[in-house]
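Residue-level structural notes
Spelled out from the first residue to the last, the chains are:
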Amino acid sequence: MHKTIVATAAVLLTSAGVCFAQPPGITREMIERSLPLEGAPLAEPGPYKITSEAALGSPGLRVFRPETLDAFPKKDTLPVMIWGNGGCAIDSTRYSGFLTTIASHGFLVMGTVPQEGAARRQENADDMRAAIDWAAKENARTGSPLNGKIALDKVAVMGQSCGGFLSIVLGADPRVKTIGVFNSGVQKAAAGAPPGLAPTPDALPKLHGPVLLINGSDPDFMLATSLATFDMIDNLPTFYGARHNAGHTATVFHPGGGEYANVASNWLLWTFKGDKKAAAMFVGKKCGLCTNSNWDVKSKGIGE
């Protein structure tokens, strides 16, 4: 399949299901293909009850956080995860279950939302960067419930499909310590391809922390891109996983985000909180995903 088509397809579908264009070779069914819900692993929520609220003073952002913050930072840390939506949709609402599961493990999770009266547009890296800026200001704001509770040295960016493109771009920000790229990756610029659709391999040397690459295996048209991105990274700890039969949308819209939410949560629990149980999903030849017959995995630089 022509690389230009693949790159274009990943930015098509907004959360409302509206296509900006429909290139040959990629169908809406391919974009929306997900893991069958029946028999699929369930999302595993963490110990914290979550509240979701508008980001004070930033109407383009929404926050998912533990409702009660007494444990932070006395007994736990509150790292940050910024989410990029599939299709680079501006509205993260459709991913609320997925984002809530991650936040329930003790994270400040943020996504973008449309502003009332604003022109219809797609999410961009600056929107996600603004979420990191907001967290820094809120951590210092007198009277904020989050004052002094946010671990600003532990910021992650993750995204699905086109949002995965954005996570790679934003991974160059020195504040971002790890990225998660779901059903996405970098692509070599094809002749005649419109500029800016996806990051090219020259974005990878700008990353400076562990990289998680997850895709939906054979039914996912971004499988080859995800694997090629793994192969091109040679200077950072990187974990690659392909979930059999998951498709391009995989489990992000399962209740609570399903299996993908568990993978994302464990990656963050391990990298930011040193959780040994979470680490066991990724570390060692007998890691949880390594020995799971539903997954094909590869890793490099992942410590024992």
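Before any of the text, the structure's been laid out above.
An account of the accompanying structure is given in this report. Counting starts from 1 at the beginning of each chain's written sequence and moves along it residue by residue. Per-residue local features are limited, in this predicted model, to residues with pLDDT of at least 70; the limit for side-chain atom pairs, both in listing and counting, is 80 or more; totals at the level of whole chains, interfaces and linings are taken over all residues. The basis for every side-chain value is the complete set of non-hydrogen atoms in the structure, without hydrogens or water.

Once that is clear, we can look at the state of the cysteines. Cysteine sulfur atoms are paired as a disulfide whenever they come within 2.5 Å of each other. Tallying each qualifying case throughout the model produces two disulfides. There is a disulfide in this structure between Cys88 and Cys162, and the S-S distance comes to 1.9 Å. Here Cys88 and Cys162 share a disulfide; its torsion about the S-S bond, -80°, makes the bridge left-handed. Of this pair, Cys88 sits in the loop between strand E3 (80–84) and helix H3 (96–103) while Cys162 is found in helix H5 (residues 162–170), placing the two residues 74 residues apart along the sequence. For every residue, the accessible area obtained with a 1.4 Å probe (protein chains only) is divided by the maximum for its type, and the residue is called buried under 20%, exposed over 50%, and partly exposed between those limits. Classification of Cys162 by relative accessible area gives buried; the value is 4%. Only runs of H or I of at least four residues qualify as helices and only runs of E of at least two qualify as strands under DSSP, and these elements are numbered from the N terminus.

A separate point is the nonpolar core. We define a nonpolar core as any set of buried Ala, Val, Leu, Ile, Met, Phe, Trp, Tyr and Cys residues linked to one another through side-chain atoms lying within 4.5 Å. If you look at the biggest cluster of nonpolar residues, it comprises 87 residues, and the most contacted ones within it are Met81, Phe98, Leu108, Met110, Met158, Leu212 and Leu268. The contact definition used throughout considers only heavy atoms, calling two residues in contact when any of these lie within 4.5 Å. Leu268 has contacts with Met81, Ile102, Phe107, Ala156, Met158, Thr178 and Lys273, leaving out every residue within four places of it along the chain.

In this section: helix H7 (residues 258–273). Given 3.6 residues per helical turn, the α-helix brings residues three or four places apart onto the same face. With 16 residues, H7 should cover 22 Å at 1.5 Å per step; its first-to-last C-alpha distance of 22 Å lies within 8% of that length. For H7, the buried fraction is high: 13 of the 16 residues fall into the buried class. Expected span, for any helix, means 1.5 Å times one less than how many residues it has.

With mixed pairing, the nine strands of this open sheet are ordered in space as E1-E2-E4-E3-E5-E6-E7-E8-E9. Each edge of the sheet is formed by a strand with only one pairing partner; in this case those strands are strand E1 (50–55) and strand E9 (295–300). Ignoring which end each strand starts from, the neighbouring axes of this sheet average 15° apart. For helices, the fitted line uses only the C-alpha atoms of the stretch in contact; every axis is such a line through C-alpha atoms, and the angle between N-to-C directions lies from 0 to 180 degrees. Where H5 meets the sheet, its contacts fall on E3, strand E5 (155–160) and strand E6 (176–182), and the angle it forms with E5 comes to roughly 150°. Note: two strands are recorded as paired if DSSP finds a minimum of 2 bridges between them.

A separate point is the packing of aromatic side chains. Remark: the centre distance and the inter-plane angle together describe each pair of aromatic rings, the angle taken between the planes. Between rings of Phe, Tyr and Trp, where Trp is taken as its six-membered ring, a pair exists when centres lie within 6.5 Å; planes separated by under 30 degrees are stacked, by over 60 edge-to-face, and by other angles tilted. By the definition in use, this model includes 12 aromatic pairs. Ring geometry for Trp83 and Tyr95: centres 5.5 Å apart, planes at 55°, overall tilted. Taken together, the residues span a long stretch of sequence, with Trp83 in strand E3 and Tyr95 in the loop between E3 and H3 at a distance of 12 residues. Judged by centre distance (6.4 Å) and plane angle (85°), the ring pair of Phe98 and Phe182 falls under edge-to-face. Of this pair, Phe98 sits in helix H3 while Phe182 sits in strand E6; the two residues are 84 residues apart in sequence, bridging distant segments of the chain. Comparing Phe98 with Phe182, the two get one shared label, buried. Ring pairing ties together the aromatic residues Trp83, Tyr95, Phe98, Phe182, Phe253 and Tyr260, which thus form one cluster. Ring-over charges, as used throughout, are those where CZ of Arg or NZ of Lys falls within 6 Å of the ring centre and within 35 degrees of the ring normal. Above the face of the Phe253 ring, Arg94 is positioned so that its terminal group lies 3.9 Å from the ring centre. Here the guanidinium or amino end of Lys273 rests over the ring plane of Phe107, the centre of that ring lying 4.8 Å away.

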